[in-house]
Every structure is written in C-alpha cells, then in structure tokens.
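Report on the structure
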Amino acid sequence: EEKELLKGIKEEHCYRAPLVIFLGINRTSYGAMGVRELGIHVDGGAAAMQMIMAAQSAGLGSCWNHFCRDLVYSRPKNLPIFKNFYQKLSIPNEIEPIALLAFGLPAFISPPPERPPFEALCPLK
C-alpha cells in the first residue's frame, strides 16, 4: 500500500519492486548549512551506493531512482503526490528527499567485463 503512493510521480518499477527504500537526509543534522548545503545530497548518494553495492554482493538487483525536490517541483502534478507520500508515511518535513532504491531478484546479472592487462593501461617505458 505504501509503494502505491508513488503512482503518478515515479515509474512502475519503483512501486512494483519487492522492496523500495526511501532515502532522505535530516537537514537539521547539518545545522545552519542544512538549508542550502548541497553536501547532504552527496552524503545521501554515498549511503545509496553502499546499499546498492551490498545488494549486488548478495545477488540482488537494484535501481536508484531520483526523488529529490527538483523532481517534485518539475511538474505541477508531482507536488500533491509528494505531499501525500510524506503525510501518509509521517515523514517530517525536515527530511530532504534524495532517492528511492528499488531492490529485487534480477532475471540476469551480467558478468563483470574483462580488465585490460596492467601493461596496456600503464606502459612501463
């Protein structure tokens, strides 16, 4: 039911995935910088990558989905959906939205690409 709140603002894979994690950062943790500090998005991105790498090592597929305020305000129809999402899930307004991470069992995990030999990258001449 909670994932269904994303209908109309995010693509179907966001609310059909077996697990969706909303990633937000508490702006008040950054003090006065939390209002304009873009570092919270960098910190949020780092947290998202750690979750994605952990899922990958466990054999899970993942998809990082943009869910920042610019998405919310990019289309007038998004704002009421976003406000409803925050209200229904009791997310405090000081939580800055960063991403939605969708996880599930992939149909296929591609093998890692072959690495070129070290000498091809760093000739020892």
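As the structure is a prediction and not an experimental result, all values here were calculated from the model.

**Considerations on the overall build of the protein chain**
- If you tally the helices and strands in the protein chain, you get 5 helices and 3 strands.
- Its helices and strands in sequence order give the protein chain the pattern α-β-α-β-α-α-β-α, from N to C terminus.
- Relative to its length of 125 residues, the protein chain is extended, with a C-alpha radius of gyration of 18 Å against a globular reference of 14 Å.
- Dimensions along the principal axes, computed over C-alpha positions, put the protein chain at roughly 60 × 40 × 25 Å.
- Within the protein chain, buried positions represent 34% of all 125 residues.

**Section: unusual backbone geometry**
- The phi dihedral of S90 is positive, around 55 degrees, even though this residue is not glycine.
- Structurally, S90 is set in the loop between helix 4 (78–88) and strand 3 (95–104).
- Of the residues examined, S90 reaches a relative accessible area of 60% and is grouped as exposed.

**With respect to a nonpolar patch on the surface**
- A cluster of nonpolar side chains, namely M49, M53 and W64, defines an oily patch on the protein surface of about 290 Å² accessible area.
- Along the chain, the position of M49 falls in helix 2 (residues 39–57).

**With respect to the nonpolar core**
- Counting residues in hydrophobic clusters, the biggest one holds 17 residues, and the most contacted among them are L6, I9, F67, F82, F85 and Y86.
- Secondary-structure elements contributing two or more residues to this core are helix 3 (69–74), helix 4 and strand 3.
- Counting residues per element, this core draws most heavily on helix 4, which supplies 4 residues.
- One finds I25, I40, I52 and A99 within the second-largest nonpolar core, a separate group that totals 10 residues.

**With respect to the side chain of R69**
- Tracing the backbone shows R69 in helix 3.
- Judged by relative accessible area, which is 18%, R69 ranks as buried.
- Leave out the neighbours within four places in its chain, and R69 touches R27, F82, N93, I95, E96 and P97.

**Comments concerning the pairing of strand 3**
- For strand 3, the tally of buried residues reaches 10 of 10 residues, placing the bulk of the element in the interior.
- As judged from the 8 bridges shared by strand 1 (residues 19–26) and strand 3, these two strands associate in the antiparallel manner. Looking across to strand 3, one finds that I21 is bridged to L101.
- Relative to strand 3, strand 2 (residues 61–66) is paired through 6 bridges, and the arrangement is antiparallel. By the bridge assignment for strand 3, W64 is matched with L101.

What counts and how
- Residues numbered from 1 in each chain as written.
- Predicted model: local features only at pLDDT ≥ 70, side-chain atom pairs only at ≥ 80, totals over all residues.
- Heavy atoms only, no water.
- Helix = DSSP H or I, 4+ residues; strand = E, 2+ residues; numbered from the N terminus.
- Rg over C-alpha atoms; globule rule 2.2 N^0.38 Å.
- Buried < 20%, exposed > 50% of the residue type's maximum accessible area, 1.4 Å probe, protein only.
- Patch = residues over 30% accessible without salt bridge, like charges linked within 9 Å, V, L, I, M, F, W, Y side chains within 5 Å.
- Areas by Shrake-Rupley, 256 points an atom, 1.4 Å probe, with all protein chains shown as cover.
- Salt bridge = Lys/Arg side-chain N within 4 Å of Asp/Glu carboxyl O.
- Core = buried A, V, L, I, M, F, W, Y, C linked by side-chain atoms within 4.5 Å.
- Contact = heavy atoms within 4.5 Å.
- Pairing = 2+ DSSP bridges.

Remember that the coordinates give geometry; whether it matters functionally is a separate question.
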